[in-house]
Structures are given as structure tokens and as C-alpha cells.
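Read off the chains here:
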Amino acid sequence: MLSERRLEVLRAIVQDYVGTEEPVGSKALTERHNLGVSPATVRNDMAALEDEGFIAQPHTSAGRIPTDKGYRLFVDKLAGVKPMTGPERRAIQNFLEGAVDLDDVVARTVRLLAQLTRQVAVVQYPSLTRSTVRHVELLSLAPARLMLVLITDTGRVEQRMVDCPAPFGESSLADLRARLNSRVAGRRFSDVPSLVEDLAEAFEAEDRGTVSTVLSTLLETLVEENEERLMIGGTANLTRFGHDFPLVIRPVLEALEEQVVLLKLLGEAKDPGVTVRIGHENAHEGLNSTSVVSVGYGSGGEAVAKLGVVGPTRMDYPGTMGAVRAVARYVGQILAES
């Protein structure tokens, strides 16, 4: 375990390096921070921190910079989450409340996160598998053609065309719509198959084929594999950090183009707390020079998806964690009210 004083020295090094972008020397530390000890003592503390792998000396400079291990200790032990100010919170709320539908909520969230953190923002659309059914609408387009509209609790809307085996009258359609919603409205997607398995039997023999076709279309919509959608924004922000990516920025940009990589980065939605992955903790090689801060969001206290930011390891962790958490909270409120 590091002594309290060495933890304070590490905290000061991280804060100064993040703030100045320059490697940090013992003289500068004692001048900028009230550490209560001489530069010589700070030098000894820095040597110990370097021996234990928390800081390192870049090849040209006399100063030191934090390593991934140093940033990890800073995030776990030393960094609180910096709360947003009142005006910042109101600005977030006003900007998100202007959204007209789920796509607009996601697009505004991406833009907002990228502006607040000046990093790359990634927002996952609410997952169908973790959603509940708000309403199922059935519309007649032709005597033997229907449109099925599935609306989820997160405001997601899925539309499907249904070609019926025989003409289906308006009264039968109204009956199916009412019976279907009485069974599935407000229920989890995972519960729907068992709730509707005997529904066709409640109809006249000549309508059962169409009812079965409608139910099959509904169930296919619930289990579609291509449901995991993302929106990304603020990639241009990375160009501000050119010197933070020791080789070239291209591997980072290539990794950000891969949706599977981004979904893995954000992590499981069921883990609602703020997650920070630093440098080599990111499995994808192209992202070894980045940190990812993510959090779950959703309505009614349950996370249905993740959002987060990707930036250099030299990141304002308290501020970024605060911004990501605040935005997630407001998005959840909007989804609950939508």
C-alpha cells in the first residue's frame, strides 16, 4: 500500500499532467501544491512511485507522467465524481427535452456528450431484449395486408408488414388488437411468447391463420439479432489530442468504426454504474492509448443500454465521469416520460 503522502503526490502529478499536458517535475509539484514537504522528499516519493509502475519518464523530459496503473489508482482511490453545476444541469435538461422521438434523443445525447467532454461520444440504442411492450398497433393496408407497429417503453418503434393468408375484416382486426394488448402491454419482451401462444385459439377457424401469421411476425420482431444499434459523434475531437496517441491516430479511428468493438467497450447494460477502462484494460489493440468512461441508462431505474465517451488516457476523469453520469440520468428521465 502507498502512504497517504505518496497518494497525494500521485494525485498532484495526474492533475498537473492532465491540466498542462507537460511531464511533471518535483519542483513544479512543490510550487503548485501544498504537499508540506521539500522538493527532495517529493523526488524520493516520485522515485518510489516510478519503481512501483505508477508513473514513468518519457524519453526526453526530466518530468514524469502517469502510467495506466497510475491512472487506475487515481480513478479508484483518489478521484471523486465532479458534479455538474446548476446551469450545466439545466442546459442538459433543456437540450434533451426538445427531442421529438427516440432517434432525436440519441442524436442529441451524442452531440451533448461530445460537446461537454470534448471527446468521442458513443450512445447505444435501448436494447429490445431489455424493453417492455408499451403498445401493439395493427393497421389494415389492404384486405389481406396489415402493418404491425410495436412501441416499446423506451420510445422505440418497430414496423413490419404482414401478408395474411386470407382477407381479415375490421372487426376481427379490432378484436385481435384489443386481445393482444390486454396480454402483452406493460410486459417484458422475454415474457411475450408464453403470453400469446394460445391466442389464435380464441378466434374463429377462418381467422386463425392470419392471427398466427401476425403473432409470428411480432415474435420475430422481438428476437431480431440486429437490434444493437449505436450512434457515435465527436470523432473530430480526437485530432485535438494528437500528441496523446504515441504512434498514430488511425488505429483509434479504425477501432471506432467497428460496432462490435464499441459494444464490447461500453460493456453490459445490466451493469448500471459508471465504468472506467484505462489504456491496456481495453482488449482491442487500437484502443490501448484511450480510456473509456461508460454508464447504463434507462427508464424506471433499470438500465436498457449504455452510453459513454472515448478519449486519451490523459483525461479529466472526475469531470468526464460527472458529465456521463448526469447525461445518462436525464436521458433516463426523458425515456420514462416519453
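The rules behind each value
- Residues numbered from 1 in each chain as written.
- Predicted model: local features only at pLDDT ≥ 70, side-chain atom pairs only at ≥ 80, totals over all residues.
- Heavy atoms only, no water.
- UniProt positions renumbered as here; feature names shortened; annotations may be inferred.
- Helix = DSSP H or I, 4+ residues; strand = E, 2+ residues; numbered from the N terminus.
- Rg over C-alpha atoms; globule rule 2.2 N^0.38 Å.
- Buried < 20%, exposed > 50% of the residue type's maximum accessible area, 1.4 Å probe, protein only.
- Contact = heavy atoms within 4.5 Å.
- Areas by Shrake-Rupley, 256 points an atom, 1.4 Å probe, with all protein chains shown as cover.
- Core = buried A, V, L, I, M, F, W, Y, C linked by side-chain atoms within 4.5 Å.
- Patch = residues over 30% accessible without salt bridge, like charges linked within 9 Å, V, L, I, M, F, W, Y side chains within 5 Å.
- Salt bridge = Lys/Arg side-chain N within 4 Å of Asp/Glu carboxyl O.
- Lys, Arg positive; Asp, Glu negative; His and termini not counted.
- Charge placed at Lys NZ, Arg CZ, Asp CG, Glu CD.
- Pairing = 2+ DSSP bridges.
- Axes fitted to C-alpha atoms, helices over the stretch in contact; angles between N-to-C directions.

- An unreviewed UniProt entry lists the protein under the name Heat-inducible transcription repressor HrcA, with Streptomyces marokkonensis as the source organism.
- Comment text from UniProt for the protein, heading Function (unreviewed entry), reads "Negative regulator of class I heat shock genes (grpE-dnaK-dnaJ and groELS operons). Prevents heat-shock induction of these operons."
- Looking at the Sequence similarities (unreviewed entry) heading of the UniProt record, one finds this comment for the protein: "Belongs to the HrcA family."

Thoughts on the overall build of the protein
Turning to step 1, where the next piece is worked out: Counting its regular elements, the protein contains 12 helices and 10 strands.
Turning to step 2, where the next piece is worked out: In summary, the protein has a C-alpha radius of gyration of 26 Å against a globular reference of 20 Å for 338 residues, an excess of more than 25%.
Turning to step 3, where the next piece is worked out: By principal-axis analysis of the C-alpha atoms, the protein measures approximately 90 × 40 × 35 Å.
Turning to step 4, where the next piece is worked out: For the protein, buried positions account for 49% of its 338 residues.
Turning to step 5, where the next piece is worked out: Within the protein, contacts between residues separated by at least 24 positions form 60% of all contacts whose residues are at least 6 apart in sequence.
Turning to step 6, where the next piece is worked out: Accessible area of the protein: about 16100 Å², with a carbon and sulfur share of 50%.

Examining the nonpolar core
Across soluble globular proteins, you tend to see nonpolar side chains buried next to one another.
Turning to step 1, where the next piece is worked out: The biggest cluster of nonpolar side chains holds 56 residues, and the ones touching the most others in it are L29, L307 and Y317.
Turning to step 2, where the next piece is worked out: Broken down by element, the residue count for this core peaks at 11 residues, all from helix α12 (residues 317-337).
Turning to step 3, where the next piece is worked out: Excluding anything up to four places from it in sequence, L29 contacts V9, A12, I13, D16, V24, L35, V42 and M46.

Observations regarding a nonpolar patch on the surface
Turning to step 1, where the next piece is worked out: Taken together, L139, L141 and M161 make up a surface patch of nonpolar side chains, about 260 Å² in accessible area.
Turning to step 2, where the next piece is worked out: Within the element layout of this structure, L141 appears in strand β4 (residues 133-142).

Concerning the environment of V295
Turning to step 1, where the next piece is worked out: Tracing the chain through its elements places V295 in strand β9 (residues 290-297).
Turning to step 2, where the next piece is worked out: Its relative accessible area of 4% is what places V295 among the buried residues.
Turning to step 3, where the next piece is worked out: Distance in space between the C-alpha atoms of V295 and T152 is 21 Å, their sequence separation being 143 residues.

Thoughts on the pattern of salt bridges
Turning to step 1, where the next piece is worked out: This structure, assessed with the given rule, holds 16 salt bridges.
Turning to step 2, where the next piece is worked out: With a closest N to O distance of 2.9 Å, D45 and R6 form a salt bridge. Separated by 39 residues along the polypeptide, D45 in helix α3 (residues 39-51) and R6 in helix α1 (residues 4-20) bring together distant segments of the chain.
Turning to step 3, where the next piece is worked out: Given the relative accessible area of 27%, R6 is considered partly exposed.
Turning to step 4, where the next piece is worked out: When the shortest N-O distance is used, the salt bridge between D16 and R32 registers 2.8 Å. Highlighted residues: D16 in helix α1 and R32 in helix α2 (residues 26-32), separated in sequence by 16 residues.
Turning to step 5, where the next piece is worked out: The exposure class assigned to R32 is partly exposed, which follows from its relative accessible area of 48%.
Turning to step 6, where the next piece is worked out: Each of R5, R6 and D45 takes part in one network of salt bridges that share partners.

Quick word on a positive patch on the surface
Turning to step 1, where the next piece is worked out: On the surface, a cluster of positive charge is made up of R89, R90, R325 and R329.
Turning to step 2, where the next piece is worked out: Listing elements by their share of the positive patch, those giving two or more residues are α5 (86-97) and α12.
Turning to step 3, where the next piece is worked out: Inspection of the secondary structure assignment puts R90 in helix α5.

Here we look at the sheet that holds strand β5 (residues 145-152)
Turning to step 1, where the next piece is worked out: If you trace the three strands from one edge of the open sheet to the other, you get β4-β5-β6, paired in antiparallel fashion. Strands with a single pairing partner mark the edges of an open sheet, and in this sheet they are β4 and β6 (157-163). Direction aside, neighbouring strands of the sheet carry axes that sit 20 degrees apart on average.
Turning to step 2, where the next piece is worked out: Sheet analysis places β5 next to β6, joined by seven bridges and oriented antiparallel. Opposite R145, over in β6, you have D163 as the bridge partner.

So, unusual backbone geometry
Turning to step 1, where the next piece is worked out: Positive phi outside glycine occurs at E21, with the angle close to 65 degrees.
Turning to step 2, where the next piece is worked out: Within the secondary structure, E21 sits in the loop between α1 and α2.
Turning to step 3, where the next piece is worked out: For R118, which is not glycine, the phi dihedral falls at a positive 55 degrees.
Turning to step 4, where the next piece is worked out: Mapped onto the secondary structure, R118 falls in the loop between α6 (102-117) and β3 (120-124).
Turning to step 5, where the next piece is worked out: Take R118: its relative accessible area is 47%, and that puts it in the partly exposed class.

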